[in-house]
Amino acid sequence: MAGSPTARRRRLSIELKKLREKNSLTCAQVGAALDWSGSKVNRMETGSGRVQPSDVDVLCRFYETTEELREFLKSLARQAKTRSWWQIHGSGVPEWFSIYIGLEQDASTLRQYQCEVLPGLLQTEPYARELHTSGSYMPPEDIDRAVRVRLERQSMISAPDAPDCWFVVSEGAVRRVIGDRELMRAQLEHVLDAVQHPSVTLQVLPFDAGTCPTTGPFTVLGFPDPEDPDVVYRDGITDAMYLEGEPHIREYNRAFDELRAAALSPRRTMQLINSVMKESTR
């Protein structure tokens with residue numbers, strides 16, 4: 001089972017929903033039987049609120065689960081309440097993004113498309129700071145925290161159990177100068193170093209690739225345990241969207257496959273990046 005509090009909360013929600021559906025009951029029916037509201041049952045199944053071990057105990061007894069399963073689900077509820085390392089940075093990590101970091105920490109595969117900027121897991125500190133500072137509504141201390149978290153997240157790509165990370169980025173993300181040319185050259189050098197990790201694959205989608213099957217950046221996260229379904233993540237300026245379910249996963253995987261098929265090979269991608277770096281020195 002995946003290990004972060006986010007993953008445990010997600011697994012708990014999945015298991016509680018499976019138990020209710022196995023008993024052919026609606027959230028409203030379960031709520032009425034336990035003198036709860038149906039919305040409380042729904043929140044427990046969607047992970048939109050903290051779930052108390054005592055409530056899990058009540059549900060399991062109502063569903064007549066085995067003692068072993070009851071204790072397992074109660075332990076998930078207890079462990080889901082612990083704080084993760086990135087949460088100590090407070091407002092530097094908004095709640096909607098904190099969920100993503102928890103999922104990312106437990107992923108075994110990561111498929112990401114970026115059309116405007118280079119992937120966060122491949123960014124240098126100056127590049128990340130420039131992105132957070134430009135037009136940001138965050139105070140300086142929160143920008144510091146956000147950048148620190150972004151850099152700490154990057155340790156996962158060099159870990160022994162690193163997820164298989166595959167990035168496709170638009171050529172514009174490589175050529176767009178963030179900050180100044182010196183900053184950008186250092187950033188591209190960092191990318192060339194990062195792709196030496198066996199866990200990292202990078203492809204550039206060239207300007208002449210034609211029509212692309214997407215309208216914005218997205219990430220598909222896969223997990224080692226088959227009980228943990230894949231998740232599609234799409235973010236904005238102030239919020240994010242998390243998509244689950246076979247239709248969503250199928251279509252985003254299809255889109256990613258088409259993007260990497262249209263993109264330059266990893267070898268040609270490195271050649272393009274080196275070419276862009278040489279152009280920047282002229």
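- If you check an unreviewed UniProt entry, the protein chain appears there as Helix-turn-helix domain-containing protein from Streptomyces lienomycini.

Quick look at the overall build of the protein chain
Line of reasoning, step 1. Counting secondary structure elements, the protein chain contains 12 helices and 6 strands.
Line of reasoning, step 2. Counting only C-alpha atoms and orienting by the principal axes, one finds that the protein chain spans roughly 75 × 40 × 35 Å.
Line of reasoning, step 3. Here the protein chain, with 282 residues, has 48% of them falling under the buried criterion.
Line of reasoning, step 4. Put simply, 72% of the contacts in the protein chain that link residues at least 6 apart link residues at least 24 apart.
Line of reasoning, step 5. When the accessible area of the protein chain is evaluated, it comes to approximately 14100 Å², of which 50% is carbon and sulfur surface.
Line of reasoning, step 6. Placing the 35 positive and 40 negative side-chain charges of the protein chain at their respective mean positions leaves the two points 0 Å apart.

Things to note about the UniProt feature "domain: HTH cro/C1-type" (unreviewed entry) in the protein chain
Line of reasoning, step 1. Annotation from UniProt places "domain: HTH cro/C1-type" (unreviewed entry) at residues 16-69.
Line of reasoning, step 2. Secondary structure within residues 16-69 divides into 70% helix and 0% strand; the distance between the first and last C-alpha atoms comes to 11 Å.

Brief notes about helix α3 (residues 38-46)
Line of reasoning, step 1. Residues of α3 that are buried include every one of V41, M44 and E45, and no others. Buried residues in α3, looked at end-on, bunch into an arc of 95 degrees, giving them a common side.
Line of reasoning, step 2. Considering only its buried residues, α3 is in contact with α1 (5-22), α2 (27-34) and α4 (53-63).
Line of reasoning, step 3. Positive backbone phi, approximately 70 degrees, marks G47, located one or two places after α3.

Quick look at the pattern of salt bridges
For side chains bearing opposite charge, pairing can occur when the charged atoms are close.
Line of reasoning, step 1. If you walk through the whole model with that rule in mind, you get 24 salt bridges.
Line of reasoning, step 2. Here E244 makes a salt bridge to R10, at a shortest N to O gap of 2.7 Å. Here R10 lies in helix α1 and E244 lies in the loop between β6 (240-243) and α11 (246-262), a separation of 234 residues in the sequence.
Line of reasoning, step 3. Of the charged contacts in the structure, one is a salt bridge between R11 and D225, with a shortest N-O distance of 3.0 Å. Taken together, the residues span a long stretch of sequence, with R11 in helix α1 and D225 in the loop between β4 (218-222) and β5 (231-235) at a distance of 214 residues. There is no split in this pair, since R11 and D225 are both buried.

Concerning the pairing of strand β1 (residues 109-114)
Line of reasoning, step 1. Most of β1 sits out of view: 5 of its 6 residues are buried.
Line of reasoning, step 2. Where β1 and strand β2 (residues 164-170) come together, 6 bridges link them in parallel fashion. The residue bridging Q114 from the neighbouring strand is V169, located in β2.
Line of reasoning, step 3. Relative to β4, β1 runs antiparallel, the two sharing 5 bridges. Looking at β4, one finds that L110 is bridged to L221.

Focus on the sheet that holds β2
Pairing between the strands of a sheet is mediated by backbone hydrogen bonds and can be parallel or antiparallel.
Line of reasoning, step 1. A sheet is described by the order of its strands in space; here 6 strands give the open sequence β3-β2-β1-β4-β5-β6, paired in mixed fashion. Edge strands, defined here as strands with exactly one partner in the open sheet, are β3 (200-205) and β6. Each neighbouring strand pair of the sheet contributes to a mean axis angle of 15 degrees, computed without reference to strand direction.
Line of reasoning, step 2. Bridging between β5 and β6 involves 4 bridges; their strand directions are antiparallel. Paired with Y233 across the strands is Y242, a residue of β6.

Remarks on the packing of aromatic side chains
Line of reasoning, step 1. The tally for this structure, following the rule as stated, stands at 5 aromatic pairs.
Line of reasoning, step 2. Ring geometry for Y113 and F218: centres 6.2 Å apart, planes at 45 degrees, overall tilted. Here F218 lies in strand β4 and Y113 lies in strand β1, a separation of 105 residues in the sequence. You'll find Y113 and F218 in the same group, each marked buried.
Line of reasoning, step 3. Aromatic side chains Y233 and Y242 sit 5.2 Å apart centroid to centroid with 50 degrees between the ring planes, which places their arrangement in the tilted category.
Line of reasoning, step 4. Exposure remark for Y233: the relative accessible area of 5% places this residue in the buried category.
Line of reasoning, step 5. When the ring centre of W36 is taken as origin, the NZ or CZ atom of K40, which lies over that ring, is 4.0 Å away.
Line of reasoning, step 6. Sitting above the plane of the W166 ring, R260 keeps its charged end 4.6 Å from the centroid.

Parameters and conventions
Residues numbered from 1 in each chain as written. Predicted model: local features only at pLDDT ≥ 70, side-chain atom pairs only at ≥ 80, totals over all residues. Heavy atoms only, no water. Helix = DSSP H or I, 4+ residues; strand = E, 2+ residues; numbered from the N terminus. Buried < 20%, exposed > 50% of the residue type's maximum accessible area, 1.4 Å probe, protein only. Contact = heavy atoms within 4.5 Å. Areas by Shrake-Rupley, 256 points an atom, 1.4 Å probe, with all protein chains shown as cover. Lys, Arg positive; Asp, Glu negative; His and termini not counted. Charge placed at Lys NZ, Arg CZ, Asp CG, Glu CD. UniProt positions renumbered as here; feature names shortened; annotations may be inferred. Arc of directions from axis to C-beta. Salt bridge = Lys/Arg side-chain N within 4 Å of Asp/Glu carboxyl O. Pairing = 2+ DSSP bridges. Axes fitted to C-alpha atoms, helices over the stretch in contact; angles between N-to-C directions. Phe/Tyr/Trp six-rings, centres within 6.5 Å; stacked < 30°, edge-to-face > 60°. Lys NZ or Arg CZ within 6 Å of the ring centre and 35° of its normal.

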